Amino acid sequence: MSSPIPVLPVIMAGGSGTRLWPLSRAGFPKQFLVLSGDDSLFQQAAQRLAGLAADDIAVAPLVVVGNAEHRFLTLEQLREIGHEPTAVLLEPSGRNTAPALTLGALQALEGGVDPVLVVTPADQTVADGAAFTAALQSAVRAATEGAIVILGITPDRPETGYGYIRAEACADGLHKVARFVEKPDEETARRYLAEGDYTWNSGMFVLRASTWMKALDKFRPDIAATTRAAWAVRQHDACFVRPGKAEFAHVPSESVDYAVMEQCPGSEFDIRMVALDAGWNDLGAWDAVWQAGTKDAAGNTTTGDVMLEDTRNTLVHATSRLVSTVGLSNIVVVETPDAVLVADRSRSQDVKRIVNRLTEKGRGEHTLHRKVHRPWGWYDSIDNGGRFQVKRIMVHPGASLSLQMHHHRAEHWIVVTGTAEVTCGDKKVLLTENQSTYIPLGEVHRLANPGKVELEIIEVQSGSYLGEDDIVRFEDTYGRTS
């Protein structure tokens, strides 16, 4: 019996998900949100890929390519589902999907093996896991012979938000790709649906690592050369791999489709399409979340504390309070503690315009939620004024914040639950429930949880400047300097 085909799953987990604002933020983007089922989109992607193993297919622990800012969030979500990655490749800056896939290919080729890469975005949903697995296994077997295989989604409506693939009919399920086409207008999309030989471009690719590098060298040698240069000076930190920051800044920003895939038809590269009919959805905007959601008799999808009256075909997502609607149709309502979105469902692609305006005005609502996750736990900014700010802080058992000081603020800490180990200057004390302490301005301090249960405190900050950048770190378990 021949050896199993080596497969390396690669999840591209970058991106900010601006069209799913206000739930998706730059610091906590959509791939890490729970929008369907009990797990985040990223966790669902990892679990689907782990299911590819078969008698003739050996699946290695996955590789994640993502933003350095999200590295601890990535590891925490993998830990929650019991996955240990081969590596987490940290892009110093966003350069689109072609450089991200190149980093994954270079990592794959490190051990002298040339595995088949199964590459998927982190922000999709699939209803029929068995159909998904069967389609990808078919793609893997074709890719081991040198083909580039893309999964094409069987369309069920004239969608204008996706790119399309036109493929030739075949008997074995491996359709030869004739061409890629851009997002069409509605009339063209209806024609594609009627003709029947078009599928949606899923953004999922299956190919050998060496095949990707060969194609990239041919079609975009500039991306290949600059990414190799950044990879050559990479640094390792546990499972994190950091390409050279200065070198990566010279990598051109380009998508996999534009860089390589659209150049392949008619070239020496054999590019194929496997059709996937598995209840797939790319949750790129709130209308897609409504499409994928469980609906009531009136076509409404709801999450959280919601009360509807005479409302139809509407999505309501409540995070922190009761949200009620009366007399709405085809609307999106999304509530978070610090922002509310109300939009026509057909215009949900335009939410990114609001995010752009927030950025232009220097507002923070597009960057972080009120509740901010950190490697040690989280904090929730529950109130603030001109010279004060109040936070709830939760610290995981055994975790600690950095040894730090502030130039512009003092802090009062009150323990709500658990045990706090407080370092303040040259003193170290243990505090339990209902006990408190004071951290003077300019004093070196640290908060740690030495116990077995979560530590929660209330922190009251007071001073002339309360920004998160007023932190001088002296020691940090997580490798942060600012």
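This text gives an overview of the structure that appears in the document. (Residues numbered from 1 in each chain as written. Predicted model: local features only at pLDDT ≥ 70, side-chain atom pairs only at ≥ 80, totals over all residues. Heavy atoms only, no water.)

### Quick look at the packing of helix H3 (residues 97-108) against helix H6 (residues 209-219)
The relative placement of two packed helices is expressed as an angle between their axes plus a distance between the axes. Our working rule: Axes here refer to lines fitted to C-alpha atoms; in helices the fit is confined to the stretch in contact. Angles between the N-to-C directions go from 0 to 180 degrees. Helix numbers and strand numbers start at the N terminus; a helix is a DSSP run of H or I with at least 4 residues, a strand a run of E with at least 2. These descriptions rest on fixed angle ranges, namely under 35 degrees for roughly parallel, over 145 for roughly antiparallel, 65 to 115 for roughly perpendicular, and the rest for oblique. What makes a crossing left-handed is the near helix being turned counterclockwise from the far one by less than a right angle; a clockwise turn instead makes it right-handed. Throughout, a residue-residue contact means that at least one pair of heavy atoms, one from each residue, lies within 4.5 Å. Residues are sorted three ways: Asp, Glu, Lys and Arg are charged, Ala, Val, Leu, Ile, Met, Phe, Trp, Tyr, Cys and Pro are nonpolar, and all the rest, Gly among them, are polar.
At a minimum axis separation of 9 Å, H3 and H6 run at an interaxial angle of 135°. Put simply, H3 runs oblique to H6. When you trace H3 past H6, the crossing you get is left-handed. The segment H3 lies against H6, with Ala98, Leu101, Thr102, Ala105, Leu106 and Ala108 engaging Ala209, Trp212, Met213 and Leu216. The residue inventory of the contact of H3 with H6, partitioned by class, reads nine nonpolar, one polar and no charged.

### Remarks on the pattern of salt bridges
Definition in use: What counts as a salt bridge is simple: a side-chain nitrogen of Lys or Arg found within 4 Å of a carboxyl oxygen of Asp or Glu. Per-residue accessibility, obtained with a 1.4 Å probe over protein chains only, is compared with the maximum for each type, and a residue is labelled buried under 20%, exposed over 50%, and partly exposed between these values.
Tallied over the full model, the rule gives 26 salt bridges. Between Arg191 and Glu195 there is a salt bridge; the shortest N-O distance is 3.2 Å. With Arg191 and Glu195 both in helix H5 (residues 186-195) and four residues apart, the pair spans about one turn of that helix. Among the residues examined, Arg191 registers a relative accessible area of 41% and is labelled partly exposed.

### Some words on the sheet that holds strand E19 (residues 331-336)
For the record, the criterion: By this definition, two strands are paired if DSSP reports at least two bridges between them.
Spatial strand order, E15-E17-E19-E20: four strands in an open sheet with mixed pairing. Both outer strands of the open sheet, strand E15 (301-303) and strand E20 (339-344), are each paired with one neighbouring strand and no more. Strand-to-strand twist of the sheet, defined as the mean angle between neighbouring strand axes without regard to direction, takes the value 5°. Strand direction decides the pairing type here: E15 and strand E17 (residues 315-318), joined by three bridges, are parallel. Among the inter-strand pairings, Thr301 is bridged to a residue of E17, identified as Leu315.

### Remarks on helix H1 (residues 41-50)
H1 sits mainly inside the fold: eight of its ten residues count as buried. Every buried residue of H1 is accounted for by Leu41, Phe42, Gln43, Gln44, Ala45, Ala46, Arg48 and Leu49.

### A few points about the sheet that holds strand E25 (residues 409-417)
If you walk across this open sheet you meet the six strands as E21-E22-E23-E30-E25-E28, and the pairing is antiparallel. Two strands close off the open sheet at either side, each with one partner strand: strand E21 (371-374) and strand E28 (436-439). Geometrically, the sheet is characterised by an average inter-axis angle of 20° between neighbouring strands, direction not taken into account.

### Comments concerning the packing of aromatic side chains
So the rule is basically this: Within 6.5 Å between ring centres, the rings of Phe, Tyr and Trp (the latter by its six-membered ring) count as paired, and their orientation is classed by plane angle as stacked under 30 degrees, edge-to-face over 60, tilted in between.
Overall, the coordinates contain eight aromatic pairs when judged by the stated rule. A centroid spacing of 5.5 Å and a plane angle of 65° characterise the contact between Phe32 and Phe42, whose relative ring orientation is edge-to-face. Of the two residues, Phe32 sits in the loop between strand E1 (5-12) and H1 while Phe42 sits in helix H1, which places them ten residues apart along the sequence. The class for Phe42 is buried, based on a relative accessible area of 0%. Geometrically, the ring pair formed by Tyr164 and Tyr192 is tilted, given 5.1 Å between the ring centres and 55° between the ring planes. With Tyr164 in strand E8 (residues 164-167) and Tyr192 in helix H5, the pair connects residues that are 28 residues apart, well separated along the chain.

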